[in-house]
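Okay, here's what each chain looks like letter by letter:
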Amino acid sequence: LEEVGFVARGADGDLHMGKRWSDLSDPNALAYNLFRACATPDLDGHTISLVRLFGNQVVFVDVQLGRLPLPLTPRPGQRAPAASCAGAAAILSAMSPEGAADAVSAAAAHLGLTDGDVERCLQLRHRHRRKVYESQSPQMGRQLACSVPGTGFALTLHVPDRWPEPSTLKAARALNAATNAY
């Protein structure tokens, strides 16, 4: 494991995660590359998450923790209602109407979703694609999200509820650039 970079030995002899550790669970290094692309001054200190749609929920696949106070800080593996996450709208809006219906319906039986649940989730899809989607909910606070082209993922920036508009616009541009530059 050490020879291939999955683990690294520290100066004290203890083993630590190596440079290629994420390859074990993320063979294309998507999360690593996206979070590296987010290393810009306009995104510094912010909590950023990588989310995937699962029925009418999103799953936080990975999270880069920030320093700014949030109403709720997401954790990897956590699920949240799609309606409370900007990432769901970004993912669904990047798909065709048929693709979005298939994506939500794929987990319907597992989650026990009714046709009404599926339809409510599909209403999050915007007809006209945007670069950045925004949402605010009591569960997840204020978020900006961009779909990651060709992956079925969205990168979500979690921002404080009261954040100046100029800072929001800068961060939205930086987030969009990161999803297209990874």
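Residues numbered from 1 in each chain as written. Predicted model: local features only at pLDDT ≥ 70, side-chain atom pairs only at ≥ 80, totals over all residues. Heavy atoms only, no water.

1. Comments concerning the nonpolar core
Thinking step 1. Counting 25 residues, the largest nonpolar core has L53, V58, F60, L92 and V104 as its most contacted members.
Thinking step 2. Those elements that place two or more of their residues in this core are β3 (47-54), β4 (57-64), α2 (86-93), α3 (97-105) and α5 (115-122).
Thinking step 3. Sorting elements by how many residues they give to this core places α2 first, with six residues.
Thinking step 4. In this structure L53 touches V58, A82, A88, I91, L92, A103, V104 and G152, once residues within four positions along its chain are discounted.
Thinking step 5. Membership of the second largest hydrophobic core comes to 21 residues, among which are L43, L144, A172 and L175. (Core = buried A, V, L, I, M, F, W, Y, C linked by side-chain atoms within 4.5 Å. Buried < 20%, exposed > 50% of the residue type's maximum accessible area, 1.4 Å probe, protein only. Helix = DSSP H or I, 4+ residues; strand = E, 2+ residues; numbered from the N terminus. Contact = heavy atoms within 4.5 Å.)

2. A short note on the pairing of strand β8 (residues 153-159)
Thinking step 1. Among the seven residues in β8, seven count as buried, and that is most of the element.
Thinking step 2. Of the two faces of β8, the one lined by F153, L155, L157 and V159 and the one lined by A154, T156 and H158 are each fully buried.
Thinking step 3. With six bridges connecting them, β3 and β8 associate as antiparallel partners. Note that in β8 the partner of R52 across the bridge is F153.
Thinking step 4. Pairing of strand β7 (residues 141-148) with β8 involves seven bridges; the strand directions are antiparallel. Across the sheet, S147 pairs through a bridge with A154, a residue of β8.
Thinking step 5. Counting the residues between successive antiparallel strands, the hairpin from β7 to β8 contains four residues, one of them, G150, with a positive phi of roughly 70 degrees. (Pairing = 2+ DSSP bridges.)

3. Considerations on the pattern of salt bridges
Thinking step 1. Inspection of the entire model under this criterion finds four salt bridges.
Thinking step 2. Here R67 ties to D44 by a salt bridge, and the two come within 3.3 Å at their closest N and O atoms. Note that R67 is positioned in the loop between β4 and β5 (79-81) and D44 in the loop between α1 (30-37) and β3, a separation of 23 residues in sequence.
Thinking step 3. E134 serves as the salt-bridge partner of R142, at 2.7 Å between the closest nitrogen and oxygen.
Thinking step 4. A relative accessible area of 7% means that R142 is categorised as buried.
Thinking step 5. In the salt-bridge network here, residues are joined through shared partners; they are E134, R142 and E165. (Salt bridge = Lys/Arg side-chain N within 4 Å of Asp/Glu carboxyl O.)

4. Re the environment of P149
Thinking step 1. If you trace the backbone, P149 turns up in the loop between β7 and β8.
Thinking step 2. For P149, a relative accessible area of 38% puts it in the partly exposed group.
Thinking step 3. A C-alpha to C-alpha distance of 19 Å links P149 and A82, two positions 67 residues apart in sequence.
Thinking step 4. Here P149 is in contact with T179, N180 and Y182, once residues within four sequence places are set aside.

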